[in-house]
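Structural characterization, general
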Amino acid sequence: MRFSDKIILVVGGNSGIGLASAQAFAAEGAIVRLTGRDQATIDAAVAAIPGAKGYRADIADLDAMDAVIADIAAQDGRIDTLFVNAGVGGFASFRDLTPDDWDHVDGVNLRGCIFTIQKALKLMSRGGSIVATGSIGGHAFVPGNTAYAAAKGGLYAAMKVIAGELVGEGIRVNMVSPGPIETPLLHRNPGMSEADVEAMREVMINAVPMKRMGRAEEVARAVLFLASDEASFITAANLFVDGGTLELG
């Protein structure tokens, strides 16, 4: 029960890694607040997590995130752990990449994440922890991944600066960077058919030394570790959960 009575906000907690983490936090005593863009999956997540509350909010919409933070302030008065997990994919060769493609990916994966952290800090104090979802895609060559790599790489760079600025306030800031994980995000790449997705999965599996996709629950365990007091001497870290892909692949 590492999170007994802690207020946990999981941004992008209605599916995949976010949902697995929200459920794991709740299983260890946390009071969970989660956001997402799809009301049906938000409702399903809240129904599965006792005491949880969900908000329909796109992390790219900063006014919507202001409303989420304001409601948590009124209801709970604080945030003990913030897990910024919301993300979108988007593959396009560099020659075909458009400003709209770039803005869509950046707005969620970088800009939205950074300013959501800034907003949540108003409710955080000494002993608090922040975890953000990065990706090995921000560190490795993946064809067609220019916008995503820039956003996730930029998030990693920004998190180090944020960690340094907050260390004196007793708030730890870390990142978990998954490799190929079996989540709904795989099926939300614009312009990709199911056949394209399956082909991409095969490429991913072949690139993983363990020769399989990871599970959302495996990433959630890393998130909870970084958020917990077990990681009390860890900040500015980037924990890769990738089956050895980045270093051994």
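Shown above is the structure to which this text applies.
So, a few notes on the structure that sits alongside this text. Not measured: the values here are computed from a predicted model.

**Digging into the pattern of salt bridges**
- Per the stated rule, a full pass over the model turns up 11 salt bridges.
- Ionic pairing is found between Glu-28 and Arg-2, a salt bridge with its closest N-O pair at 2.8 Å. Here Glu-28, found in the loop between helix H1 (16-27) and strand E2 (31-36), pairs with Arg-2, found in the segment before strand E1 (7-11); they are 26 residues apart in sequence, far enough to count as distant.
- Residue class for Glu-28 comes out buried when judged on its relative accessible area of 17%.

**Overview of the packing of H1 against helix H7 (residues 216-227)**
- Close contact between H1 and H7 brings their axes to 8 Å; oriented N to C, the two are set at 55°. With respect to H7, the element H1 is oriented oblique. Between H1 and H7 lies a crossing whose hand is right-handed. On H7, the residues that touch Gly-16, Ile-17, Ala-20, Ser-21, Ala-24 and Phe-25 of H1 are Ala-216, Glu-217, Val-219, Ala-220, Val-223, Leu-224 and Ala-227.
- Per-class residue counts for the contact of H1 with H7 are 10 nonpolar, 2 polar and 1 charged.

**Quick word on the side chain of Asn-14**
- In this structure, Asn-14 sits in the loop between E1 and H1.
- At a separation of 2.8 Å, a polar atom in the side chain of Asn-14 contacts the side chain of Thr-41.
- Setting aside residues up to four positions removed in sequence, Asn-14 forms contacts with Leu-19, Leu-34, Thr-35, Gly-36, Arg-37, Asp-38, Thr-41, Ile-42 and Ala-45.

Procedures and definitions
Residues numbered from 1 in each chain as written. Predicted model: local features only at pLDDT ≥ 70, side-chain atom pairs only at ≥ 80, totals over all residues. Heavy atoms only, no water. Salt bridge = Lys/Arg side-chain N within 4 Å of Asp/Glu carboxyl O. Helix = DSSP H or I, 4+ residues; strand = E, 2+ residues; numbered from the N terminus. Buried < 20%, exposed > 50% of the residue type's maximum accessible area, 1.4 Å probe, protein only. Axes fitted to C-alpha atoms, helices over the stretch in contact; angles between N-to-C directions. Parallel < 35°, antiparallel > 145°, perpendicular 65-115°, else oblique. Left-handed = near helix turned anticlockwise from the far one by under 90°. Contact = heavy atoms within 4.5 Å. Nonpolar A, V, L, I, M, F, W, Y, C, P; charged D, E, K, R; others polar. Polar contact = N/O pair within 3.5 Å; in protein donor to acceptor, adjacent residues only side chain to side chain.

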